Amino acid sequence: MAGWVFEDWRGGKFYPEGLKQKEELHWASRHVTAIEINSTFYQNQKPASFENWASQVPEKFVFTVKGHQGITHIKRLKDVKEPLEFFFNSVKVLGTRLGAVCWQVPGNFKYDLERVENFLRLLPKDIRQAIEMRNKAFATPEFIELLKAHNVALVTADTEDWPWLDQTADFTYCRLQGPPGGEHYEPKELDGWAKRLSELSSGKALKEGDFIVPMKGAQPERDIFAYFVSTDKPNAPGNALGIMQRLKISPET
């Protein structure tokens, strides 16, 4: 799931009736295995906030963190060495509970591989990095090879604007926004995603779906970060629990 503070999940829809808001992270982290922190996109968080969040979740639970908009949308990946250092100095407080960082690039970001590569070179190599593109201009083999060279995961969005499933790193990052042309996932679509995630986790090449560069050759076993977001966010808990049930994944309690 993306975030854990969401009104539509209360009142028995995901959180039990009467659960206090300050207890929601503790409760959610014992029912799913990872959460994407979205607040970091809008505001740099203090180390104390990350320490507090980490203290509330099980030992093997992980957060992924969304990169700050000042880096992606305001500076647009240019001249960002100092903002990146500031950002990561706080994020690293999560320690072993930091799964990955996701950078969401604006849809009107122009095709500029040199700027993207300069940005990728600045990212810490000891932290998994993912990047979400929203401009179809980046659907090129050259861009795919650039991400592979830096082991940066291309975010799978499952949208009409970005339907591609290319895997560019030794882990997978999905921000599933509702099936292309639809607002929520049907059970048969969750069946399909469970199968796909299982195949990626075990190192199998996907044979179905849209690819910028078709998957070929041996594939690595991959850790999977998959979140239901955007238009299907009200159903995110049910979708997440449904995927976990299909894959026989049990959360840590």
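Treat the numbers as computed from the prediction; the structure is a model and nothing was measured.

Calculation rules
Throughout this document, residue positions are counted from 1 along each chain, in the order its sequence is written. It should be noted that, the model being predicted, local features are given only for residues of pLDDT at least 70 and side-chain atom pairs only at 80 or more, the latter also being counted only at that level, while totals for whole chains, interfaces and linings use all residues. Values reported for side chains reflect all heavy atoms of the structure, with hydrogen atoms and water molecules removed beforehand. Any pair of Phe, Tyr and Trp rings, taking the six-membered ring for Trp, is counted once the centres come within 6.5 Å. Such a pair is stacked with planes under 30 degrees apart, edge-to-face with planes over 60 apart, and tilted for the rest. With a 1.4 Å probe rolled over the protein chains alone, any residue whose accessible area is under 20% of its type maximum counts as buried; one over 50% counts as exposed, and the rest are partly exposed. Helix and strand assignments come from DSSP, with helices taken as H or I runs of at least 4 residues and strands as E runs of at least 2, each series counted from the N terminus. Taken from the helix axis, the directions to the C-beta atoms give the arc we talk about. In what follows, a contact means two residues having at least one pair of non-hydrogen atoms within 4.5 Å. Residues belong to a common nonpolar core when they are buried Ala, Val, Leu, Ile, Met, Phe, Trp, Tyr or Cys residues joined through side-chain atoms within 4.5 Å. Salt bridges are identified by distance alone: a Lys or Arg side-chain nitrogen within 4 Å of an Asp or Glu carboxyl oxygen. Pairing of N or O atoms within 3.5 Å defines a polar contact, subject to two protein rules: one partner must be a possible hydrogen donor and the other a possible acceptor, and residues neighboring in sequence count only if both atoms are side-chain atoms. Think of it this way: DSSP has to see at least two bridges between two strands before they count as a pair. With the strands aimed away from the viewer, a crossover counts as right-handed if its path from the first strand over the helix to the second runs clockwise.

(A) Up close: the packing of aromatic side chains. In the structure shown here, the tally under the stated rule is 23 aromatic pairs. Taking the centre distance of 5.0 Å and the plane angle of 45° together, the rings of F14 and Y15 count as tilted. Taking 4.8 Å as the distance between ring centres and 80° as the angle between the ring planes, the aromatic pair formed by W162 and W164 counts as edge-to-face. Side by side, W162 and W164 carry an identical accessibility label, which is buried.

(B) Helix α3 (residues 47–55), seen in detail. Of the residues making up α3, those classed as buried are F50, W53 and A54. Along α3, the residues classed as buried sweep out an arc of 100° about the axis, all on the same side. If you follow the buried residues of α3, they end up packed against α1 (24–28), β1 (34–37), α2 (39–42), β2 (62–66) and α5 (81–91).

(C) Highlighting the nonpolar core. In this structure, M1, I35, F63, V65, V101, W103 and F119 are the most contacted members of the largest nonpolar core, which totals 65 residues. At five residues, the largest contribution of residues to this core is made by helix α8 (residues 187–202). When near neighbours in sequence (up to four residues on either side) are disregarded, V101 contacts V65, G67, F87, F88, V91, I127, R128, Q129 and A130. Of all hydrophobic cores here, the second largest spans 14 residues; its members include A34, V155, A169 and F171.

(D) Molecular detail of the pattern of salt bridges. This structure, assessed with the given rule, holds ten salt bridges. The shortest N-O distance in the salt bridge between D223 and R128 comes to 2.9 Å. With D223 in strand β7 (residues 223–228) and R128 in the loop between α6 (113–122) and β4 (129–132), this residue pair connects regions lying 95 residues apart in the sequence. Classification of D223 as partly exposed rests on a relative accessible area of 41%. Close ionic contact of R175 with E132 constitutes a salt bridge, the shortest N to O distance being 3.2 Å. One end of the pair, R175, is in strand β6 (residues 171–176); the other, E132, is in strand β4, and 43 residues separate them in sequence. Taking relative accessible area as the criterion, E132 reaches 2% and is therefore assigned buried. Linked through salt bridges whose partners overlap, the residues forming this network are E36, E132, R134 and R175.

(E) Representation of α6 within the structure. When we look at burial in α6, the residues that qualify are V116, F119 and L120. Down the axis of α6, the smallest arc covering the buried residues is 100°, so these residues share one side. Within α6, the exposed residues directed more than 90 degrees away from the buried face are E114 and R121. Packing partners of the buried residues in α6 comprise α4 (69–74), α5, β3 (98–104) and α7 (141–150). Between the side-chain oxygen of the N-cap and the backbone nitrogen of E114 there are 3.3 Å, and the N-cap of α6 in question is D112.

(F) Broad picture of the pairing of β7. As judged from the six bridges shared by β6 and β7, these two strands associate in the parallel manner. Following the sheet pairing, Y173 is matched in β7 by F225. Crossover handedness for the path β6 to α8 to β7: right-handed.

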